[in-house]
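# Inside the fold
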Amino acid sequence: MGATGIIYKAWQNTPRPIIYNTADGKGNPIKTECKFLDPLGHPKYDAKWHGNCLICGAESQGGIPYKALLGSSYTDWSRHKCPESDHICPACAFTMMLNTASHRCCLFRYSFVADKQLHICNRKEMRDYLINPPEPPFVMAVAVSQKKHIAFKSMVSYDRENFFCNLEEEQIQVNRQEAKDIISVCEALRGIGFTKDEISAGRIRFDKIKKFKLDAYDKINHLLRSIIGTRLFALCLFVAQKMSEEDAICFLGLTLKTVPLPQGHCSSTRHTKAAMSKEDHLDTICGNKSSVSPAGQQNGQMTFPTF
Ligand SMILES: [Zn+2]
């Protein structure tokens with residue numbers, strides 16, 4: 001079964017209402033209902049037609065004439081698997097139909113994961129699926145512009161450790177552990193105040209690291225250079241959330257210049273690339289409570305005579 005077949009079947013198996021957890025203009029969490037149209041209810045649906053689908057090429061009993069679905073703004077003609085056909089199968093039609101009666105609901109507006117059911121996802125939920133994919137087979141896609149048909153351009157994945165996730169129209173090969181590591185670096189950098197644009201460009205601003213010891217630049221640079229520029233990085237950065245500053249400092253192996261840190265507060269269980277690759281991380285608080293706290297206190301005390 002192709003990607004749209006899995007998506008359509010997943011939708012059929014999904015209890016209603018299908019809820020999308022998002023936020024309003026002020027950032028308050030809200031739930032919206034996704035009312036996708038049933039292709040079998042399309043006025044031009046022809047149950048008697050039999051042939052290969054224009055878009056996915058799969059053999060199908062029943063379909064919708066393409067002229068009833070694809071408007072003048074449609075530009076994906078070169079992507080069709082069976083260009084000689086004049087009908088679109090219900091599965092492909094499902095991913096393209098716009099419900100004008102319900103906030104123009106259509107699958108292309110959403111990031112989603114389709115396994116046995118269809119999950120409409122916000123960025124946080126997509127992040128969690130990248131780190132912890134469902135049982136295969138599944139289809140995973142992230143919508144950025146929310147204007148392009150990405151479902152029929154996505155791929156079916158059969159492995160939880162190495163799988164595919166579309167970022168818009170681009171099929172990105174994902175290694176789960178690698179994605180997890182990259183997401184952690186992005187979330188840690190956001191935790192110490194970096195913006196996604198800065199992370200994407202590899203820009204390390206002095207004003208955001210000046211409170212840390214001088215090796216901060218090298219540590220961050222080392223982590224960023226090893227991941228930046230790949231398409232997997234772009235995908236991970238898009239879905240990345242934000243660590244608490246305390247966890248981020250721990251993860252990145254940074255040390256504040258003078259202010260003593262609370263002792264033993266690394267609540268994160270993540271293993272850092274910095275910690276694994278740097279020998280000089282032992283003077284941080286991360287995972288080394290006993291040797292760290294006296295140094296931290298000492299630093300704090302050393303500032304007192306200046307008052
Ligand atoms: Zn099709």
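Conventions adopted
- In this numbering scheme, every chain counts its residues from 1 along its sequence in written order.
- Local features are withheld for residues below a pLDDT of 70 in this predicted model, meaning they are given only at 70 or higher, and side-chain atom pairs are given and counted only at 80 or more; totals for whole chains, interfaces and linings count all residues.
- Water and hydrogen atoms were dropped before computing side-chain values, which therefore reflect all heavy atoms in the structure.
- In this description, a donor is an N, O or S atom within 2.8 Å of the metal centre, a cutoff extended to 3.2 Å for sodium, potassium and calcium. Water is not part of the atom list, which can make sites seem incomplete.
- When four donors show all angles between 85 and 135 degrees the site is tetrahedral, when four or six donors have opposite pairs over 155 degrees and all other angles between 65 and 115 it is square planar or octahedral respectively, and in every other case it is irregular.
- Secondary structure elements follow DSSP: runs of H or I of four or more residues count as helices, runs of E of two or more count as strands, with numbering from the N terminus.
- Whether a residue is buried, partly exposed or exposed follows from its accessible area with a 1.4 Å probe, protein chains only, as a fraction of its type maximum: under 20%, in between, or over 50%, in that order.
- When DSSP locates at least two bridges between a pair of strands, those strands are taken to pair.
- Counting of polar contacts relies on pairs of N or O atoms within 3.5 Å, with two restrictions inside protein: one atom must be capable of donating a hydrogen and the other of accepting it, and residues adjacent in sequence are counted only when both atoms are side-chain atoms.
- Throughout, a disulfide means two cysteine sulfur atoms within 2.5 Å of one another.
- To obtain an axis, a line is fitted to C-alpha atoms, over the contacting stretch when the element is a helix, and the angle between two such axes runs from 0 to 180 degrees between their N-to-C directions.
- For classification, angles of less than 35 degrees are called roughly parallel, those exceeding 145 degrees roughly antiparallel, those between 65 and 115 degrees roughly perpendicular, and all remaining angles oblique.
- Whether two residues are in contact is decided by their heavy atoms, any of which lying within 4.5 Å being enough.
- The classification used treats Ala, Val, Leu, Ile, Met, Phe, Trp, Tyr, Cys and Pro as nonpolar, Asp, Glu, Lys and Arg as charged, and all other residues, Gly among them, as polar.
- When the centres of two rings from Phe, Tyr and Trp lie within 6.5 Å, Trp using its six-membered ring, the rings pair. Their planes under 30 degrees apart give stacked, over 60 give edge-to-face, and anything left gives tilted.
- The criterion is that NZ of a Lys, or CZ of an Arg, lies within 6 Å of the ring centre and within 35 degrees of the ring normal, and then a charge sits over that ring.

Reference values for angles at a metal are 109.5 degrees in the four-donor tetrahedral case and 90 or 180 degrees in the six-donor octahedral case. Note on the zinc ion: its protein donors are Cys53 (SG), Cys56 (SG), Cys89 (SG) and Cys92 (SG). The metal-donor distances range over 2.3 Å. For the zinc ion, the 4 donor atoms are set out with angles of 105 to 114 degrees between them, so the coordination reads as tetrahedral. As a motif over one chain, the donors of the zinc ion read C-x2-C-x32-C-x2-C. Of this pair, Cys56 sits in the loop between β3 (46-52) and β4 (59-65) while Cys92 sits in helix α2 (residues 90-96), and the two are 36 residues apart along the sequence. A relative accessible area of 26% means that Cys56 is categorised as partly exposed.

Note: β3 against β4, 4 bridges, orientation antiparallel. Among the inter-strand pairings, His50 is bridged to a residue of β4, identified as Gln61. Once β3 ends, the chain turns through 6 residues before running back antiparallel as β4, passing Gly57 with a positive phi of about 80 degrees.

Right, let's get into the environment of Lys219. Looking at the element boundaries, Lys219 is found in helix α7 (residues 216-225). Here Lys219 falls in the buried class, since its relative accessible area comes to 2%. Within the local environment of Lys219, its side chain forms a polar contact with the backbone oxygen of Gly253, the two atoms lying 2.5 Å apart.

The next subject is unusual backbone geometry. Of note, the amide linkage connecting Arg16 to Pro17 takes the cis form, showing an omega dihedral of -5 degrees. Relative to the elements of secondary structure, Pro17 occurs in the loop between α1 (3-13) and β1 (18-23). Here the residue pair Pro136 and Pro137 is connected by a cis peptide bond, since its omega of -5 degrees sits within 30 degrees of zero. Relative to the helices and strands, Pro137 resides in the loop between α3 (123-131) and β8 (138-142). With phi around 50 degrees, Arg104 is a residue other than glycine that occupies positive phi space. Tracing the sequence through the fold places Arg104 in the loop between α2 and β6 (111-114). Positive phi is not limited to glycine here, since Gln146 has a value of about 60 degrees. Mapping Gln146 onto the fold places it in the loop between β8 and β9 (156-157).

This paragraph deals with the sheet that holds β3. Ordered by their spatial adjacency, 3 strands build an open sheet running β3-β4-β5, and the pairing between neighbours is antiparallel. Two strands in the sheet have a free side with no partner beyond their single neighbour: β3 and β5 (87-88).

A word on the state of the cysteines. Summed over the entire model, instances satisfying the criterion amount to 0 disulfides. Lacking any disulfide linkage, Cys82 is separated from the closest cysteine sulfur, that of Cys53, by 7.9 Å. Note on Cys82: relative accessible area 8%, which makes it buried.

Two elements in contact, α3 and helix α8 (residues 231-239), have axes whose closest approach is 8 Å; the angle formed by their N-to-C orientations is 135 degrees. What the angle tells us is that α3 and α8 run oblique. Taking contact as the criterion, the partners of Arg123, Met126, Arg127 and Leu130 in α3 are, on α8, Leu235, Phe238 and Val239. Taken together, the residues of the contact of α3 with α8 break down into 5 nonpolar, no polar and 2 charged.

Glancing now at the packing of aromatic side chains. Across all of its chains, the model carries 9 aromatic pairs by this definition. Arranged with centres 6.0 Å apart and planes meeting at 15 degrees, the rings of Tyr8 and Trp11 form a pair that is stacked. Taken together, the residues Tyr8 and Trp11, both in helix α1 and 3 residues apart, mark about one turn of the helix. In terms of burial, Tyr8 and Trp11 fall into one category: buried. Between Tyr66 and Trp77 the ring centres are 5.7 Å apart and the planes differ by 85 degrees, which places this aromatic pair in the edge-to-face class. Taken as a pair, Tyr66 in the loop between β4 and β5 and Trp77 in the loop between β4 and β5 lie far apart in primary sequence, 11 residues in all. Linked through ring pairs, Tyr8, Trp11, Tyr20, Phe36, Phe94 and Tyr110 together constitute an aromatic cluster. The ring centre of Phe238 lies 3.8 Å from the NZ or CZ of Arg123, which sits over that ring.

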